[in-house]
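# Structure at a glance
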Amino acid sequence: MKIMDDVSYWKGVFTEEESLMHFHHLSTLPSLAQGSFHLFGKPVKTPRLESFHGISPIPYRYSGQTLQSMPFTAPMHAILARITKLTGCTFNAVLINVYRNGMDSNGWHADNEKELGKNPIIASVSFGAERKFQLKSRDGAVKKTILLENGSILLMGGTIQPAFIHCIPKEPKVAHPRINLTFRTVFEVR
Ligand SMILES: O=C(O)CCC(=O)C(=O)O
């Protein structure tokens, strides 16, 4: 379903059973860790857990940290195959975010690191609790909130990262965890 130019959303791509199985696998990845970033010169813990995976080993500079990729697991390959079948897009890496409850969040940003090239396409898969995804054009003229449901896929096309920023706001009433996978194409930057 088209949400707006260059943003499409499909609900129920993964069945409840598949979503539960993937949720369980992803939530027990040993590589999940809480990173940190600098705010006004002080280290601050990232308000979620993260794990970065590549089909082949690749480093990724993200939010002031360099993440070394872990290998893709069999379920990650299966999720990617489903995305490629649905969208025709292929990817070589995935960033996994675990929001432990509604107090975990992801601040306003664009996925515009050098390693992603000029107009990156991003496919975002959600398992677990429903969370709001906010999208805002850099000039403030367009604002959109999309509810990301269990087993859904959101596809952001090449025009979105240069012109928009997005976030997952805190939602204190959400008690349950959510896992998000953003599939990306990461290029080696020297
Ligand atoms: O959790 C989400 O849906 C968004 C994740 C995100 O913005 C990111 O990984 O850059």
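Please refer to the structure placed before this passage.
These figures come from a predicted structure and were not determined experimentally.

Further remarks concern the pairing of strand S4 (residues 42-45). A regular strand carries its side chains on alternate faces of the sheet. Pairing of strand S3 (residues 36-39) with S4, which is carried by four bridges, proceeds in the antiparallel orientation. Within S4, the position partnered with His 38 by the bridge is Pro 43. In sequence, S3 turns back onto S4 through a hairpin of two residues, with Phe 40 there showing a positive phi of about 50°.

So, on to empty space enclosed by the protein. One pass over the structure, following the stated rule, counts one cavity of 30 Å³ or more. Approximately 140 Å³ is the volume found for the largest cavity. Looking at the largest cavity, it is lined by 17 residues, and the ones nearest its centre are Tyr 99, Asn 106, His 166, Asn 180 and Thr 182. Where the lining of the largest cavity is concerned, the elements lending two or more residues are strand S9 (93-99), strand S10 (106-109), strand S15 (164-168) and strand S16 (178-184). Among the elements that line the lining of the largest cavity, the one with the most residues is S16, at four residues.

On to the site of the ligand, then. In the vicinity of the ligand, 14 residues are found, and the nearest of them are Tyr 99, His 109, Asp 111, His 166 and Arg 178. Measuring from an oxygen atom of the ligand, one finds a side-chain N or O atom of Asp 111 at 2.9 Å. Protein burial of the ligand: of its 290 Å² of free accessible surface, 99% is covered by the chains. Listed by contribution, the elements that provide at least two residues to the shell around the ligand are S9, S10, S15 and S16. Considering each element in turn, the shell around the ligand owes the most residues, four residues, to S16. For the shell around the ligand, a count of residues per class yields four nonpolar, seven polar and three charged.

Spatially, the four strands line up as an open sheet ordered S10-S15-S12-S13, and their pairing is antiparallel. Of all the strands in the sheet, the pair left with one neighbour each is S10 and strand S13 (143-148). On average, each strand axis in the sheet is tilted by 15° relative to the strand beside it, whichever way the strands run. For strand S12 (residues 131-137) and S13, the ladder comprises six bridges, and the chain directions are antiparallel. Looking at S13, one finds that Phe 133 is bridged to Ile 146.

Turning our attention to the pairing of S15. With five of its five residues buried, S15 lies for the most part within the structure. Going residue by residue along S15, you find Phe 164, His 166 and Ile 168 tucked away on one face and Ile 165 and Cys 167 tucked away on the opposite face as well. Pairing geometry for S10 and S15, over two bridges, is antiparallel. Across the sheet, the residue bridging to Asn 106 is Ile 168, located in S15. Inspection of the sheet shows S12 paired to S15 by four bridges, in the antiparallel sense. For Gln 134, the partnering residue across the bridge sits in S15 and is Cys 167.

Our next topic: the sheet that holds strand S8 (residues 70-71). The strands making up a sheet are joined through hydrogen bonds of the backbone, oriented either antiparallel or parallel. Taken together, the eight strands give an open sheet; going across it, the order is S1-S2-S14-S11-S16-S9-S5-S8, and neighbouring strands pair in mixed fashion. Single-partner strands in this sheet number two, and they are strand S1 (2-4) and S8. Note that strand S2 (residues 7-10) and strand S14 (residues 152-156) share four bridges and pair antiparallel. Residue pairing across strands places Val 7 opposite Met 156, the latter belonging to S14. Those strands touched by helix H2 (residues 74-87) are S2, strand S5 (49-54), S8, S9, strand S11 (122-128), S14 and S16, and its axis lies near 65° from that of S16.

Quick notes on the rules
Here, residues in each chain are numbered from 1, in the same order as that chain's written sequence. Totals for whole chains, interfaces and linings use every residue, but because this is a predicted model, local features are given only for residues with pLDDT of at least 70 and side-chain atom pairs only at 80 or more, for both listing and counting. Just so you know, side-chain values use all the structure's heavy atoms and leave hydrogens and water out. Only when DSSP finds a minimum of two bridges between them are two strands counted as paired. Comment: elements are numbered from the N terminus, with helices defined as DSSP H or I runs of at least four residues and strands as E runs of at least two. The distinction between a cavity and a pocket rests on a 1 Å grid over the protein atoms alone: a 1.4 Å probe fits inside a cavity but cannot get out, while a pocket stays open yet meets protein on both sides within 12 Å along at least five of seven lines, and a residue with an atom within 4 Å of a point counts as lining. Grid points are joined across faces, edges and corners, and a volume is the space filled by probe spheres set on the points. Any residue with a heavy atom lying within 4 Å of a molecule or strand is counted as near it. As used in this structure description, the phrase polar contact means that two N or O atoms lie within 3.5 Å; if the pair is within protein, one of them must be able to donate a hydrogen and the other to accept it, and residues adjacent in sequence are counted only when both atoms belong to side chains. In short, Shrake-Rupley with a 1.4 Å probe defines the accessible areas, and a residue's cover is counted only from the protein chains shown. For this scheme, ten residues count as nonpolar: Ala, Val, Leu, Ile, Met, Phe, Trp, Tyr, Cys and Pro. Four count as charged, namely Asp, Glu, Lys and Arg, and the remainder, Gly too, count as polar. Whenever a helix is involved, its axis is fitted only over the stretch in contact; in every case the axis is a line through C-alpha atoms, and angles between N-to-C directions fall within 0 to 180 degrees. Whether a residue is buried, partly exposed or exposed follows from its accessible area with a 1.4 Å probe, protein chains only, as a fraction of its type maximum: under 20%, in between, or over 50%, in that order. A contact between two residues is defined here by any heavy atoms of the two lying within 4.5 Å.

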